[in-house]
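# Residue-level structural notes
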Amino acid sequence: GTRQPLLLRDPELGPVRLRGFGSYSLRVNDPAWLVREVSGAAGRVDLAALSDPLRSLIVSRLADVLGRCGCPVFDLSSRYEWLARDLRLALLEDAAQYGLEIPSLLIEGLTLPPEVEAALVRRSVQRVEEQPDATGGSALPAEFTGAPRSEEHTSELQSPCNLVCRLLLEKK
């Protein structure tokens, strides 16, 4: 993952900090060049020594790709495949300079800080509280109104643009 959060300007939220997590595979296209240039007199390459500069390069290019994307944070998860493909293409030339190729790259997650996620959930609950259901009562699940409910429940994230959390609860 990213060592430090990336700062991104979200069209709905303003500036936000994102942490990125993912994985990639490497292929060495020019082993002789890699050994000569990276290992020097030692004659052997420690791929762990390449991981820090490679991670920095990936994070830098990820920031570029996210900046060009311009889509709201809530829409990013639906675009991981596109973002990963664009990121891999952005890294082609850089990786080639090290005699490497990145055949696969996967974005596993782009996350907001926990306190921001919690604030968004609170904001969503307030919006739901303001909208009565069809019977004129609260549109909130029993968990939020104090009414008894069963312990069986699931949560579901709906409408990434509006971040509406809905708890499906069974009243006793």
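The structure contained in this document is the topic of the report that follows. (Residues numbered from 1 in each chain as written. Predicted model: local features only at pLDDT ≥ 70, side-chain atom pairs only at ≥ 80, totals over all residues. Heavy atoms only, no water.)

Take the pattern of salt bridges next. Following the criterion strictly, the structure yields five salt bridges and no others. In this structure, Arg27 engages Glu101 in a salt bridge whose closest nitrogen and oxygen atoms are separated by 3.2 Å. Here the residue Arg27 occupies a position in strand E2 (residues 14–28), and Glu101 occupies one in strand E3 (residues 100–111), the gap between them amounting to 74 residues. Using a relative accessible area of 40% as the deciding quantity, one classes Arg27 as partly exposed. Overall, Glu101 belongs to the partly exposed group, its relative accessible area being 25%. Linking Arg68 and Asp86 is a salt bridge whose minimum nitrogen-to-oxygen distance equals 3.3 Å. Of the two residues, Arg68 sits in helix H2 (residues 47–69) while Asp86 sits in helix H4 (residues 80–97), which places them 18 residues apart along the sequence. By relative accessible area, Arg68 is classed as exposed at 54%. Its relative accessible area of 21% is what places Asp86 among the partly exposed residues. Within the structure, one salt-bridge network assembled from shared partners comprises Arg61, Asp64 and Asp94. (Salt bridge = Lys/Arg side-chain N within 4 Å of Asp/Glu carboxyl O. Helix = DSSP H or I, 4+ residues; strand = E, 2+ residues; numbered from the N terminus. Buried < 20%, exposed > 50% of the residue type's maximum accessible area, 1.4 Å probe, protein only.)

Backbone hydrogen bonds hold the strands of a sheet together, and the pairing may be parallel or antiparallel. Taken in spatial order, the three strands make up an open sheet running E1-E2-E3, and their pairing is antiparallel. Of all strands in the sheet, those bounded by a partner on one side alone are strand E1 (6–10) and E3. If you compare each strand with its neighbour and ignore which way they point, the axes differ by 45° on average. Note that E1 and E2 share five bridges and pair antiparallel. When the sheet's bridge partners are listed, Leu7 is paired in E2 with Arg17. (Pairing = 2+ DSSP bridges. Axes fitted to C-alpha atoms, helices over the stretch in contact; angles between N-to-C directions.)

In a regular helix each residue adds 1.5 Å, so 16 residues correspond to 22 Å; helix H5 (residues 114–129) covers 23 Å between its end C-alpha atoms and thus fits that length. Listing the buried residues of H5 in full gives Leu120, Ser124, Val125 and Val128. Down the axis of H5, the buried set is contained in an arc of 140°. They therefore lie on one face. Opposite the packed face of H5, turned more than 90 degrees from it, sit the exposed residues Glu115 and Arg122. (Expected span 1.5 Å × (residues − 1). Arc of directions from axis to C-beta.)

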